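A structural walkthrough
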Amino acid sequence: MNGFDWNAVQESLPLLLEGFRVTLLATVLGTLVAAVLGLAVAVAGRAPSRFVTVPVRAVTEFVRSTPLLVQLVGAAALFNTVEPLYIGIAVLGVHYAAYTSEVYRAGIDGVPKGQWEACRALSLPPRRTWQAVILPQAVRNVLPALGNYAVSMFKETPFLAVITVQEMVFEARKYGADNFAYTEVFTLAGLIFLVASYPTSLLMRKLEKRLGH
């Protein structure tokens, strides 16, 4: 390609790979937070007390109704003594927990009523009912959807650059500004995102088809 600086690609690749390491770390830890917190929110949403369900639903709706970018900037302003990467991981986790909670809710609602009735007939305590009967079935059914949210989170990690987390797009923008090579470095960053996310998306589709049978 005319005007395309391949030397810039070669020179920027180590920087982008270091940024990719941060991107991957934020995605993995953020996904773990979202998976655990989302499950807790889904279970809390079925609590018999309105003192539990009303605040949980209010917070969930607030998170879903505000942009991730605003949440990142607000959290960074409130917790300005905390490492930006930790803030980014927490915000990503909380933001996606609001969505994964609905996925879990659908999975729990999809468990046949006969399973609940059998647990009551056997006088199983609530904790045992959830751990041994309900959650294993619900989580199995929602694994593909959770995987898709992990891919979405991966693609939204560039937002972390606004709070100075040195992920891949942050490194690309910095290199591009210093060397006037925006086209080369952002093309390379886009290819890295594609190579990392596309196979995962295919895997999630395959898993969804397999679990659907």
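What you see is a predicted model, and the numbers here were worked out from it, not measured in a lab. Chains are numbered independently. Their residues run from 1 in the order of the written sequence. The model is predicted, so local features are restricted to residues of pLDDT at least 70 and side-chain atom pairs to those at 80 or more, both for listing and for counting; the totals for chains, interfaces and linings are taken over all residues. Excluded from the side-chain calculations are hydrogens and water; all other atoms, namely the structure's heavy atoms, are used.

Interaxial angle, 0 to 180 degrees, is taken between N-to-C directions of lines fitted to C-alpha atoms, where a helix line uses only the stretch in contact. Secondary structure counts use DSSP, requiring at least four H or I residues in a row for a helix and at least two E residues in a row for a strand, with both numbered from the N terminus. At a closest axis distance of 8 Å, the pairing of helix α4 (residues 84–109) and helix α6 (residues 126–156) adopts a crossing angle of 140°. Classified by the interaxial angle, the pair formed by α4 and α6 is oblique. Seen from above, α4 lies across α6 with right-handed handedness. Across the interface between the two elements, Leu-92, Tyr-96, Tyr-99, Thr-100, Val-103, Tyr-104, Gly-107 and Ile-108 from α4 touch Trp-130, Ile-134, Ala-138, Val-139, Val-142, Ala-145, Leu-146, Tyr-149, Ser-152, Met-153 and Glu-156 from α6. Amino acid classes used here: Ala, Val, Leu, Ile, Met, Phe, Trp, Tyr, Cys and Pro are nonpolar; Asp, Glu, Lys and Arg are charged; the rest, including Gly, are polar. Here the residues of the contact of α4 with α6 sort into 15 nonpolar, three polar and one charged. Should an angle lie under 35 degrees it is considered roughly parallel, over 145 roughly antiparallel, and from 65 to 115 roughly perpendicular; all remaining angles are considered oblique. A crossing counts as left-handed when the near helix is turned anticlockwise from the far one by less than a right angle, and as right-handed when that turn is clockwise. Throughout, a contact is declared for two residues whenever any of their heavy atoms are within 4.5 Å.

Only protein chains enter the area calculation, which uses a 1.4 Å probe; residues under 20% of their type maximum are buried, those over 50% are exposed, and those in between are partly exposed. Of the residues making up helix α3 (residues 68–78), those classed as buried are Leu-68, Gln-71, Leu-72 and Ala-75. Projected down its long axis, α3 carries its buried residues within an arc of 100°, all on one side. Note that the arc is defined by the directions from the helix axis to the C-beta atoms.

As a further point, take unusual backbone geometry. In this model, Thr-164 sits at a positive phi of 70°, which is unusual for a non-glycine residue. Tracing the backbone shows Thr-164 in the loop between α6 and α7 (168–179).

What follows deals with the confidence of the model for the protein chain. In the predicted model, the protein chain carries a mean pLDDT of 90, and the fraction of residues at 70 or more is 97%. Confidence scores differ between elements of the protein chain, with helix α5 (residues 113–121) showing the lowest mean pLDDT of 84 and α3 the highest of 96. Think of pLDDT as the predictor's per-residue confidence, scored from 0 to 100.

Mapped onto the secondary structure, Phe-4 falls in the segment before α1 (6–44). Distance in space between the C-alpha atoms of Phe-4 and Phe-51 is 61 Å, their sequence separation being 47 residues. In this structure, Phe-4 is in contact with Val-9, Thr-183, Glu-184 and Thr-187, ignoring residues within four places of it in sequence.

Next up on the list: α7. Within an α-helix, residues lying three or four positions from one another point in the same direction, as the helix has 3.6 residues per turn. Under the convention used throughout, the expected extent of a helix is 1.5 Å for every residue step, that is, one less than its residue count. Helix length check: α7 (12 residues) gives 16 Å between terminal C-alpha atoms against 16 Å at 1.5 Å per residue, within 8%. When we look at burial in α7, the residues that qualify are Met-168, Val-169, Phe-170, Glu-171, Ala-172, Tyr-175 and Gly-176. Immediately beyond the C-terminal end of α7, within one or two residues, lies Phe-180, with a positive phi of roughly 55°.

Definition used for salt bridges: Asp or Glu carboxyl oxygen within 4 Å of a side-chain nitrogen of Lys or Arg. As enumerated under the stated definition, the model contains six salt bridges in all. With a shortest N-O distance of 2.7 Å, Asp-109 and Arg-46 are connected by a salt bridge. Of this pair, Asp-109 sits in helix α4 while Arg-46 sits in the loop between α1 and α2 (50–65), placing them 63 residues apart in sequence. In this structure, a network of salt bridges that share partners links the residues Arg-46, Glu-61, Arg-64, Glu-102, Arg-105 and Asp-109.

The next subject is the packing of α1 against α7. Viewed as axis vectors pointing N to C, α1 and α7 meet at an angle of 150°, and their least axial separation amounts to 7 Å. When the axes of α1 and α7 are compared, the pair comes out roughly antiparallel. Between α1 and α7 lies a crossing whose hand is right-handed. Facing α1, whose interface residues are Ala-8, Glu-11, Ser-12, Leu-15, Leu-16, Gly-19, Phe-20 and Thr-23, α7 presents Met-168, Glu-171, Ala-172, Tyr-175 and Asn-179.

The topology assignment puts Val-52 in helix α2. Setting aside residues up to four positions removed in sequence, Val-52 forms contacts with Ala-44 and Ala-47.

The next point concerns the side chain of Glu-171. Looking at where Glu-171 falls in the secondary structure, it is placed in helix α7. Buried charge without a partner: Glu-171 forms no salt bridge, and the closest opposite charge is Lys-174, 5.2 Å away. For Glu-171, the residues in contact, after removing those within four places along its chain, are Leu-15, Leu-16, Gly-19 and Gln-166. Counted charges follow a simple rule, with Lys and Arg positive, Asp and Glu negative, and His plus the chain ends left uncounted.

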